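Coordinates in review
Now for the letters of each chain:
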Amino acid sequence: MALKIVKGSIDRMFDKNLQDLVRGIRNHKEDEAKYISTCIDEIKQELKQDNIAVKANAVCKLTYLQMLGYDVSWAAFNIVEVMSSSKFTYKRIGYLAASQCFHEGTDVIMLTTNQIRKDLSSPHQYDTGVALTGLSCFVTPDLARDLANDIMTLMSHTKPYIRKKAVLIMYKVFLKYPESLRPAFPRLKEKLEDPDPGTDAEPHLLCVQKLRILIEDSDQNLKYLGLLAMSKILKTHPKSVQSHKDLILQCLDDKDESIRLRALDLLYGMVSKKNLMEIVKKLMLHVDKAEGTTYRDELLTKIIDICSQSNYQYITNFEWYISILVELTRLEGTRHGHLIASQMLDVAIRVKAIRGFAVAQMATLLDNAHLLTGNTQRNGICEVLYAAAWICGEFSEHLEDPMQTLEAMLRPKVATLPGHIQAVYVQNAAKLFATVLRKHEGETDSQAAQETSQLLIDRLPLFVQSANLEVQERASCILQLVKYIQKLQQKNVEVAEEVTALFAGELNPVAPKAQKKVPIPEGLDLDAWINEPPSESESEDEKPKAVFTKEEHKHSRSRHTEVDEKELARRREVRKQEQANNPFYIKASPSSQKVYDAPGVEHIPVVQIDLSVPLKVPGMPTSDQYLKLEEERQQKEKAERKKKEKKKKREKRGKERKADSGPESEEDIRPAHQVDIVTEEMPENALPSDDDDKDPNDPHKALDIDLDKPLADSEKLPVRTHRPEVLKSPAEDRVNESIPQETKKRSGKEKKEKKKGKEKDRKRSKEEKKKKKHKEVEEELLESQPEEAIQSEETKEATAPPTSAEIKPTVCWFPVQKSSKHKKKKQKKEKEEKEKKKKKRHHHHHHHSDAGGEDSVQNGTVEEEEPLPPMSNYSLLAENSYIKMVYDIQGNHQDESKVVVSVIFENKSDSFLKSMEFNVLDSLNSKLQRPEGAGPHDSLTVPFQLPPGVSNEARFVFSVQSIVMPQKLKGTLTFIVKSDESSTHEKLDFKLHFTCTSYLITTPCYSDAYAKLLESGDLKGSSLRLEGINMPFHHLLARICFHHHFSVVERIDSCASMYSRSIQGHHVCLLVKTSDQTVSIDAKCDEPSLLGNVLDEIKQTFSKC
Amino acid sequence: MIKAILIFNNHGKPRLSKFYEHYTEDTEQQIIRETFHLVSKRDENVCNFLEGGLLIGGSENKLIYRHYATLYFVFCVDSSESELGILDLIQVFVETLDKCFENVCELDLIFHMDKVHNILAEMVMGGMVLETNMSEIITQAEAHNKMEKSEAGIAGAPARAVSAVKNMNLPEMPKNINIGDISIKVPNLPSFK
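Cut-off values and rules
- Residues numbered from 1 in each chain as written.
- Chains lettered and ligands numbered in written order.
- Predicted model: local features only at pLDDT ≥ 70, side-chain atom pairs only at ≥ 80, totals over all residues.
- Heavy atoms only, no water.
- Helix = DSSP H or I, 4+ residues; strand = E, 2+ residues; numbered from the N terminus.
- Buried < 20%, exposed > 50% of the residue type's maximum accessible area, 1.4 Å probe, protein only.
- pLDDT = per-residue confidence, 0-100.
- Contact = heavy atoms within 4.5 Å.
- Pairing = 2+ DSSP bridges.
- Salt bridge = Lys/Arg side-chain N within 4 Å of Asp/Glu carboxyl O.
- Axes fitted to C-alpha atoms, helices over the stretch in contact; angles between N-to-C directions.
- Parallel < 35°, antiparallel > 145°, perpendicular 65-115°, else oblique.
- Left-handed = near helix turned anticlockwise from the far one by under 90°.
- Phe/Tyr/Trp six-rings, centres within 6.5 Å; stacked < 30°, edge-to-face > 60°.
- Lys NZ or Arg CZ within 6 Å of the ring centre and 35° of its normal.
- Buried area = accessible area lost by both parts, 1.4 Å probe.
- Polar contact = N/O pair within 3.5 Å; in protein donor to acceptor, adjacent residues only side chain to side chain.
- Core = buried A, V, L, I, M, F, W, Y, C linked by side-chain atoms within 4.5 Å.

What follows covers the overall build of chain A. A tally of helices and strands in chain A yields 41 helices and 15 strands. A burial count over chain A gives 49% of its 1105 residues as buried.

In C-alpha cells, the structure reads:
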C-alpha cells in the first residue's frame, strides 16, 4: 500500500507543478499564448486521471492561469472534486480555485452544498476555516439558505478562530438570504456584544480645530483624511466647518487630484445663501486655471451641483446664476454642454421672473454661436444652443429684437450643428416668426412682416435638404406654412392671431415621479388579466390557431375603444373643469410684464463689450459684477434694517428685537428677486410614498428588516431535516388549490417564498439530473460518510427548506412548533398559547353558532375558524443535565417496513458535546438500520457535534415487521462532554416508543372512494367515547389529523369522517361526532388489533388536554 | 467592504488578484489595467487614496494603495472602510509576507501565488477584514503549513526532493528585486491624544 503511494508520487513529481508552469511562462515570453494553450491541454489530461493529487496540482495551475485572464470555468466540476478531497492540502487548493472562479451562475455550485456542510461540521478546525473562507467568496442565495443554520451553529464553536469567521460570514449570508437575518439576530447580537479585542473604537468626534492641523500638515495622507473627516463632521456641525472655508479653498490648489476632489466635495456641503456667490467665484477662477479636461469637467459639474442643490435653495440672485451658466459655456472641450443646457432650461422655465433676462442672454448666445460651434462632438458645448434656441422661441415675447434673433437662428452655419439642435432651431424659428407677426400686426405698413416671411422662405430650404429626418420634416412643414401665410399677407389678411395660436399654452415642468404617483382608481386591478392568459400547455401544433384568436382579440379591443372615446371626451371636460378650479394648477398667464422689483438691477450695464478677453462672449455681464452688487445690496439692507431697529427701539415697542451684531443668519438674507420657483407638477391625489428615494439596486435594501418583531414560525431557519421524500399526493395539490383564503392571509413575503419554492423545484430537478451525471463522485462523497449513507434519500431533501407544508398536507396550516432552540421562547409561547385557549373558551359559544352551517370542509380546510394553537409531535425521549432528546416517528411512504425516527438533540450544558453515538437494542420485530458491514450491536455516530445551547436533528431508520402492536425499544446515547479543563464520557438511556399511530401515514381519500371502502364490508368496527372534551370541533379534528396522521374526508356540522392508512396498507376510517363535550368515534379497520391500539392512543391524546 | 485586492508590478503585470465580487475574466483584466493606469501615473509624494476606476464602481469606491519597490498593492474598497485602517492593513500584509517568505521579493509572489492567497485568506474574508494582528496571521499560516507537511508525510518526501532540485535554478534569477523599505510610516498622530 505504502509502496503504491510512493510510486504514485514518484510518477507525479515529474508533472509540471505551479512553479514549473510559472517558470515555463517566463521562459516563453515570445509565444506565451501558445505555451499556455499547450499547458492547458496538459492540465486537461491531468484532470482526467484518478489520482487526486494530480487533479489538485492541475487545479492549482488553473488558478494561476485564471489570474492571467483565462476562463477556467470548464474545470468547475474538477474543482468540486478537489474540494471534496479528505486531505486538507488538496481541499484548500480546491476551495481557493472555487473562490476565484465560482459565482452565482456556476451550475455545479449546487453540488457543493453537502460537501460544504460536511466541511463546516468537520472536527478539524482548519477544514471548517477553509470552507468558511471559500464560502464567503461564492455564497449564493441557495447556499445561504441551506447553510445558514450550520453557520449559525458555528458562531458558538469552541475555537475563536472559527467563531470569528462564522460571525463575519453571517453578513454575506444575510445579504444573499435576508430571511435569515431575523432568526439569527439574537445570537449575532450576543456574539457582537462579546468583548472583542479585534475592533478598536474609532475616535468619533474630533475637534475641527485639530482637523485643521491635519489638513495643514505636509503629509498628503493626513491632509486627505482631514478633509474626509471634515466632510463627516459637516453633516452634524455645518457651522463649525464653514469657518474653515479659506483652508478648504486653498486645498483646491493642491497638486494632488484626490485632495482637490475631496475639497470640492466639502465645498458642496458648505455653501449657504451667504457664501454661495463667493465660493462659486473661487471655483470659476479654478476652472480657468485647471489643467486637464477631467478635473475641469469635475469642477464644472460641482459648480452646477452646488448651485442647483436642494432646488436652488442657496441662490438668491438668478441673474447671477444665468451669467455663471453663460460663462461656463466658454469652457473649451467640456463634455457637459448638456448639463449646462438642462440647467438653463430648468431655470428659465421655473423662475418666471428671470425669463426676460434669460431670453436676452440666450439671444446674445445665439448671436455669437460661432464661438461655440467649434466643438460639435456629442455633449459638447454646442448643446447649450439647444437650450438657447428653445428659450428664445418659447419666451419670445420677452425679446427686444426678435427679428435679429430669428436671423441668427437661420444662418447657414446652423446646418453644421447636430441634427437635434437644428430641429429645435427650425421649430423655434417658427415661434419667433409668430411673435414678429404679432408685433407688426396693426401697423399700416406690413413691410416688416413680409420681410420676415421672405427671410424664412429664403433660408428654410437649406434645412429641408437636411439629412436629419426630424429637421427635414419640420423645415418642410414650416416652409409650406410660411408660404401660405405669405400669400395671405399679400392679400392683407390678418394672420398673426392664428399663427400665434399654433404655439399657445404654457409648458409646465412635470415632476419625475408624477407618473408613478397617479393613484390607481378604485376598482382597477392592474394585476388582473385583460385577456385569458395563454395556457402553458399550448403545444406547437396549436400555433396556427393563434392567428384566429389574435384576430378575435383585436376585434373585441377595437369595440372597447369606441366606447372609451366618448368616455375620454367626457373625462377631458371634467379635467378641464377641475383644473380651472384648482388654485395649484398653473395656468397660462399673460406674463409679458416684467417683475423686476429689486433695487439695483436696472443699473446693470447690459451691453459691455470687452474685446481684450477674446474668449468671453461679448455683451455678457460677468457674474463678478453680481457679486459686487450683491454685497452692496446686502450692506444696504443691513444698514436699513439697523435703522429700522433703531427706530423700533426708539419707539419702544413691546417686543424688542436683539441687536443683530453677530454674523448674519441665513434667514436675514433676502433674495434679490421675488422669485417663485415653479414647483413641478404632480397628479391630483398623488400618493405620498417614502420609498421613492430608495435605490432598488441597493444590495442592502433587502436587509431593511424590523428586528424587533417576534419571530414567526415560518421564519425559522431551515434546519437540516431528514424527512423521507413524500410522494406528491393528489391531496397536496388539491389542498394547495383549495385554500385561497388562506393564501390571502399570508403576507406577500411568503408568496414570494412560494415562488422561490417553485423555482427551487425546478432547480432541484436540474440538480438531480446533474447528480445522475456525476453519480460516481456523489457515491464517493457518500462513501466517506457512512452515517449519511443511511439517509441518502434524505440528503436530496436537505436542500429544500423543511417547512412542514412540504411534508404533510394536513399540517400546512398549523403552526408547528419545531426544534426549540431557545427554551425561554418556548415557554413564552406556551404561556401565550394558554392565554389564547382561555380566550377561546370565552368565545366558544358564540363561535359554535357561527360554525353551524352546511359548509362541508375538505381535508382540514377550516379556514374560517380561529387559528389553532401550535402543536408538536415531538415528545421527550430522555433528558439529563447535559442533553435533552425529543423524537418523532414517521412512516415511510415508499417502504412498507421502514419508519424514520427523528431525534432532536439539545445541548443544555455549557460544554461542547461531541462523539455522540446512538444505539438501540433491537427486538425481533424492530431493528435499527445500520450501514452495511456494521455488526448488529454497533452504534451509529450522530453526524454532528453540539456547541453549548445548540440543538440539531438527526434521523435513524428502523425496519419493522408487524405493525399491529405498539412497541418499546431500549437504547443508549453515549457522548463526550468537553469543557475547557476536562472531558468526560457520559451516557443516557432512553426508551423509544413505537406507537401504532407512528405506522400511519396521512393519506387523502376522496369521499366516493371512502364510501366504497365502507360498503365493501371488509372492515371490522370498534368505537370510542370521549367525555369532557372542551375544545372547538375543528381543533379536535386538527389534533387527530396532526397527532395521528389522519385526513378529513368530509365534515358536516359537528360530524366528520376521517381516513388514514398504515405503511402496510391497512385502511383506518373514523366517524367523529360531537355534542355537549362528548365525542364519539366510530372506527373501522381491516386489522382489529391495530385499530384498537390506535383508538387507545387517540384516547390518550385527549386525556392529556 | 473590500471589493478587490490587486498586486501588480511596475509594468502592470498582475501578481495576485482577488475579487470579492464576480466579474468575467475579461473584465477582471480590464480592471487590473485600469487600476494600474490610475495608480501608476501618480507621483510618489501624493496621498495614497484615489477614487476607483469606472469599471469597478467609479467614485463610490476608493483605491487605497502602497507602492513598494517593484510592486503596487492596491485595495479597492467602498465607503464603509476606513482609509487609514486599510493603509495599515496593506502594511501588515506586506510585513506578514516578509516574515513568511523571509525577505520577500517579487519573485516569491510570482512563484507562490497560492501561498500569498492563503496568507491573504487569513486577513480578509469575503471582502471583510478578518484579522489584523500579524502574529495571529502567521500562527494560522504556519499551522496550515504544518498540516500540509504532516499530510504529505512519507509520500511527500520524493516530491519535496525534486522540487528542491528544481528550485536550485532559482538563485540564478535576479533576486535583487527586494521589496525594499517597508518600515512603517503610519502617521504619527500625537494631536489626537
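There's plenty left to go through after this.
Interpreting fine coordinate detail is not advised for predicted regions of low pLDDT. All names here are of chain B. Per-residue confidence for chain B averages 83 on the pLDDT scale, and 79% of its residues sit at or above 70. Within chain B, no element has a lower average pLDDT than helix 5 (residues 134-166), which sits at 78, and none a higher one than strand 5 (residues 71-77), at 95. Taken as a whole, residues 171-177 scores under 50 in pLDDT and shows 11 contacts with residues more than four places along the chain or in a different chain. Per-residue pLDDT stays below 50 along residues 183-193; that stretch engages in 15 contacts with residues further than four places along the chain or on separate chains.

Residue and element names in this part refer to chain A. Spatially, 6-4-8-9 is the arrangement adopted by the 4 strands of the open sheet, whose pairing is antiparallel. Every other strand in the sheet has two partners, leaving strand 6 (940-941) and strand 9 (983-994) as the edge strands with one partner each. In this sheet, strand 9 lies alongside strand 8 (residues 967-978) in antiparallel orientation, the contact comprising 12 bridges. Following the sheet pairing, Lys968 is matched in strand 9 by His993.

Once that is clear, we can look at the pairing of strand 3 (residues 898-907) of chain A. Residue and element names in this part refer to chain A. Burial analysis of strand 3 places 10 of its 10 residues in the buried class, which makes it a mostly covered element. Here strand 3 shows a buried face lined by Lys898, Val900, Ser902, Ile904 and Glu906 and a second buried face lined by Val899, Val901, Val903, Phe905 and Asn907. Where strand 2 (residues 883-891) and strand 3 come together, 9 bridges link them in antiparallel fashion. When the bridges of strand 3 are listed, Ile889 appears paired with Val901. As defined by bridge partners, strand 3 adjoins strand 7 (residues 951-960) across 9 bridges and the pair is classed as antiparallel. The residue of strand 7 that forms the bridge with Phe905 is Asn952.

Once that is clear, we can look at the pattern of salt bridges. Pairing between side chains becomes possible if they bear opposite charge and their charged atoms approach one another. Throughout the structure, instances matching the rule amount to 32 salt bridges over all chains. Across the salt bridge formed by Lys91 of chain A and Asp119 of chain A, the nearest N and O atoms sit 2.8 Å from each other. Taken together, the positions of Lys91 of chain A in helix 6 (residues 88-101) and Asp119 of chain A in helix 7 (residues 113-120) put the pair 28 residues apart, joining distant regions of the chain. You can call Asp119 of chain A buried: its relative accessible area is 3%. Notably, a salt bridge pairs Glu106 of chain B with Arg15 of chain B, separated by 2.9 Å at the nearest N-O pair. A residue pair is termed long-range when its members are at least 10 positions apart, and Glu106 of chain B in helix 3 (residues 106-111) and Arg15 of chain B in strand 2 (residues 14-19) qualify at 91 residues.

To continue, consider the packing of helix 4 (residues 52-67) of chain A against helix 5 (residues 76-83) of chain A. Residues and elements named next belong to chain A. Look at helix 4 against helix 5: their axes get within 10 Å of each other, and the N-to-C directions meet at 125°. The angle between helix 4 and helix 5 places the two elements in the oblique class. Crossing angle aside, the handedness with which helix 4 passes helix 5 is left-handed. On helix 5, the residues touching Ile52, Lys55, Ala56 and Val59 of helix 4 are Asn78, Ile79, Glu81 and Val82.

Time to look at the packing of aromatic side chains. All names here are of chain A. Applying the stated criterion across every chain, the model contains 20 aromatic pairs over all chains. Here the aromatic rings of Tyr1010 and Tyr1059 are separated by 6.4 Å at their centres, their planes lie at 90°, and the arrangement is edge-to-face. Note that Tyr1010 is positioned in helix 39 (residues 1007-1015) and Tyr1059 in strand 13 (residues 1055-1062), a separation of 49 residues in sequence. Taking the relative accessible area as the measure of exposure, Tyr1059 reaches 4% and is therefore buried. Through pairs of rings, three or more aromatic residues link up here, namely Tyr312, Phe318, Trp320 and Tyr321. Stacked on the ring of Trp74, the Lys or Arg Lys44 has its end atom at 4.9 Å from the ring centre.

With 62 residues of chain B in contact, the opposing surface of chain A contributes 61 residues. Summed over both sides, the interface of chain B with chain A buries roughly 5800 Å², with 59% coming from carbon and sulfur. Broken down residue by residue, the surface that chain B buries against chain A is led by Glu25, Phe111 and Met125 of chain B, which jointly contribute 11%. Remark: the boundary between chain B and chain A carries 5 salt bridges. With a shortest N-O distance of 2.9 Å, Glu148 of chain B and Arg92 of chain A are connected by a salt bridge. On the surface where chain B and chain A come into contact, there are 25 residue pairs in polar contact (both at pLDDT 80 or more). Among the elements of the structure, strand 2, helix 1 (25-40), strand 3 (49-51), helix 2 (83-101), helix 3, helix 4 (113-121), strand 7 (128-129) and helix 5 of chain B are those that each provide at least two residues to the side of chain B that touches chain A. The biggest single contributor to the side of chain B that touches chain A is helix 5 of chain B, with 12 residues.

It is worth spelling out the nonpolar core at this point. Trp320, Tyr321, Met344 and Tyr425 of chain A together with Phe73 and Phe93 of chain B are the most contacted members of the largest nonpolar core, which has 150 residues in total. Per element, the largest residue contribution to this core is 11 residues, and it comes from helix 24 (residues 419-440) of chain A. Counting residues in each nonpolar core, the second largest holds 79 residues, with Ile36, Cys39, Ala76 and Val80 of chain A among its members.

Further remarks concern the sheet that holds strand 5 of chain B. All names here are of chain B. With respect to topology, 5 strands assemble into an open sheet ordered 2-1-5-4-3, the strand pairing being antiparallel. The two strands at the open ends of the sheet, each matched to only one other strand, are strand 2 and strand 3. Neighbour to neighbour, the strand axes of the sheet diverge by 20° on average, direction disregarded. Bridging between strand 1 (residues 2-9) and strand 2 involves 5 bridges; their strand directions are antiparallel. Among the inter-strand pairings, Leu6 is bridged to a residue of strand 2, identified as Ser17. Sheet strands touched by helix 2: strand 1, strand 3, strand 4 (62-68) and strand 5. Its angle to strand 4, the strand with the most contacts, is close to 35°. Across the sheet, helix 4 touches strand 1 and strand 2, and the angle it forms with strand 2 is around 40°.

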